[in-house]
Amino acid sequence: MEEVPHDCPGTGSAQAGRGASCQGCPNQRLCASGAGAAPDPAIEEIKEKMKSVKHKILVLSGKGGVGKSTFSAHLAHGLAEDENTQVALLDIDICGPSIPKIMGLEGEQVHQSGSGWSPVFLEDNLGVMSVGFLLSSPDDAVIWRGPKKNGMIKQFLRDVDWGEVDYLIVDTPPGTSDEHLSAVQYLAAAHIDGAVIITTPQEVSLQDVRKEISFCRKVKLPVLGVVENMTSFVCPKCQKESQIFPPTTGGAEVMCQDLQVPLLGRVPLDPRIGKSCDKGQSFFVEAPDSPATVAYRSIIQRIQDFCSLRQPKGEDHVSS
Amino acid sequence: MKSVKHKILVLSGKGGVGKSTFSAHLAHGLAEDENTQVALLDIDICGPSIPKIMGLEGEQVHQSGSGWSPVFLEDNLGVMSVGFLLSSPDDAVIWRGPKKNGMIKQFLRDVDWGEVDYLIVDTPPGTSDEHLSAVQYLAAAHIDGAVIITTPQEVSLQDVRKEISFCRKVKLPVLGVVENMTSFVCPKCQKESQIFPPTTGGAEVMCQDLQVPLLGRVPLDPRIGKSCDKGQSFFVEAPDSPATVAYRSIIQRIQDFCSLRQPKGEDHVSS
């Protein structure tokens, strides 16, 4: 579907094809025939595709700018340090795809083959896909409405030839909208291990994160846990700690207790993180002794432990 | 929109750079003059922060014959957000694009703002439904321009360049760019650090490259986050902060830019 009316009632709606705003839409007949209400065949196709993927983790946050992409990238780096672990990183932020830059893969191109789209490989065991690789220039704006974004996400999940994968990490944009619904719907039959939710300590962030947790519960997506980012800052001049984003309501710790979700860890702010991301280098390599690296590694270990409790495609032994 | 003199969109390609914080304080700053009527519209449907930042959580919207009444913080400062329509602030609004567009249309068409000097529209991050809808629905009403917020690092600037590209595509004038979180003054030793290093020259270089004005640079002050959480104006909580000084200078530049424009008449603006 290329052009969608502004007031499109949605292809699954009872008004599909029948609403006033449907007049003149190229898909009006299709919708009116009830085709839109049938389950999307892509869901089964994606389920088949995902059989070669053992663990699937969504990285979410209601709030923007809290470090989702930074975390997704470093979760991928961390897991891929074991050469025998196959890692796939999928960036479904269509408007603001940061993963190519953070992974140092700007300018790379995606190739098509008989078996689908090839992801861009940073390492033999670390493949990456993002709409960023499909743009002629990193400054090109992708100005798409929801339905077109959904189509791209479906293609990413159905048509990318990841091969045999131990961990598929899906980086998302902020919010609880098209991208998130589509990711969950298209992966519905394929079983997602769970969501890691990123926040910063202040209440303005936590408020959006509570909405995200509410979203997860509504769509029955298990919450692996919450990561609190930018918890504190150690001044490089005097080495003393300050709180840049004061946790006026107790930060993620109190929220996690209230909502009964695990707090996976708290990561301090290190200016070298921003620098590494800008340069497309792994922060673990640039600053191996940073307290932020230590915190990240501990969180990654907890995620691995959680995933290994789960039998892929079998019984769910997880207790959250 | 005929009763609204100036319309400003606050945008950023990137999330978490301070759009809502800026929108709220632009509203506070403009409304300090009792004779200036200010309206603040929050079109972030999924993550509406404006009610909290303005200290208006829990307020309800009323309907009357002339439309929806905004929530008034002051006699001359009205606010509207989907946040006011939720039963609880933790309720998730899980809507796809078309439904969000419908809400934005209602906000623009059905809210009875009255006579307004400045309508500030706070947006979510990105270049998608909300942004297209705001621009399309306001197309005939003439938007003065967009203020674009960024932080200094390249990962942010990359998204902001996309946002500027969006503005150019939809012929939305760019009033200028605000660089937030430029530096941090340690409260323990008073020395300045860069938390988000400007590895590619920050907003200054980007603005030169893209020929857009740099409206100003705002340092990080932890009291900003605290004020926002408590719903208080940072200008009142920390009037001497370098961040307050920076904000006020930016607000002045925006007012100057708007006053060059004749509302609903000839466009004397040079960007």
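Residues numbered from 1 in each chain as written. Chains lettered and ligands numbered in written order. Predicted model: local features only at pLDDT ≥ 70, side-chain atom pairs only at ≥ 80, totals over all residues. Heavy atoms only, no water.

1. Let's talk about the environment of Ile 153 of chain A
Residue and element names in this part refer to chain A. Within the secondary structure layout, Ile 153 lies in helix 5 (residues 146-159). For Ile 153, a relative accessible area of 0% puts it in the buried group. C-alpha of Ile 153 to C-alpha of Leu 259: the two residues are 106 residues apart in sequence and 30 Å apart in space. Residues within four places of Ile 153 in sequence aside, it is in contact with Ile 92, Ile 94, Glu 179, Ser 182, Ala 183 and Tyr 186. (Helix = DSSP H or I, 4+ residues; strand = E, 2+ residues; numbered from the N terminus. Buried < 20%, exposed > 50% of the residue type's maximum accessible area, 1.4 Å probe, protein only. Contact = heavy atoms within 4.5 Å.)

2. Observations concerning unusual backbone geometry
Look at Gln 260 of chain A: it is not a glycine, yet its phi comes out positive at around 55°. Summarising the element assignment, Gln 260 of chain A is placed in the loop between helix 8 (251-259) and strand 11 (263-269). Of note, Gln 190 of chain B is a non-glycine position whose phi angle comes to about 65°, a positive value. Taking the relative accessible area as the measure of exposure, Gln 190 of chain B reaches 56% and is therefore exposed.

3. With respect to the side chain of Glu 130 of chain B
All names here are of chain B. Looking at the element boundaries, Glu 130 is found in helix 4 (residues 129-137). A polar atom in the side chain of Glu 130 sits 2.7 Å from the side chain of Lys 100. Those residues in contact with Glu 130 that lie beyond four places of it in its chain are Ile 43, Lys 100, Asn 101, Ile 104 and Pro 124. (Polar contact = N/O pair within 3.5 Å; in protein donor to acceptor, adjacent residues only side chain to side chain.)

4. Looking at the packing of helix 7 (residues 203-218) of chain A against helix 8 of chain A
Residue and element names in this part refer to chain A. Viewed as axis vectors pointing N to C, helix 7 and helix 8 meet at an angle of 30°, and their least axial separation amounts to 11 Å. Viewed along their axes, helix 7 and helix 8 adopt a mutual orientation that is roughly parallel. In the packing of helix 7 onto helix 8, the handedness of the crossing is right-handed. For the pair helix 7 and helix 8, the contacting residues are Leu 206, Val 209, Arg 210, Ile 213 and Arg 217 in the first and Gly 251, Ala 252, Met 255 and Leu 259 in the second. Taken together, the residues of the contact of helix 7 with helix 8 sort by class into six nonpolar, one polar and two charged. (Axes fitted to C-alpha atoms, helices over the stretch in contact; angles between N-to-C directions. Parallel < 35°, antiparallel > 145°, perpendicular 65-115°, else oblique. Left-handed = near helix turned anticlockwise from the far one by under 90°. Nonpolar A, V, L, I, M, F, W, Y, C, P; charged D, E, K, R; others polar.)

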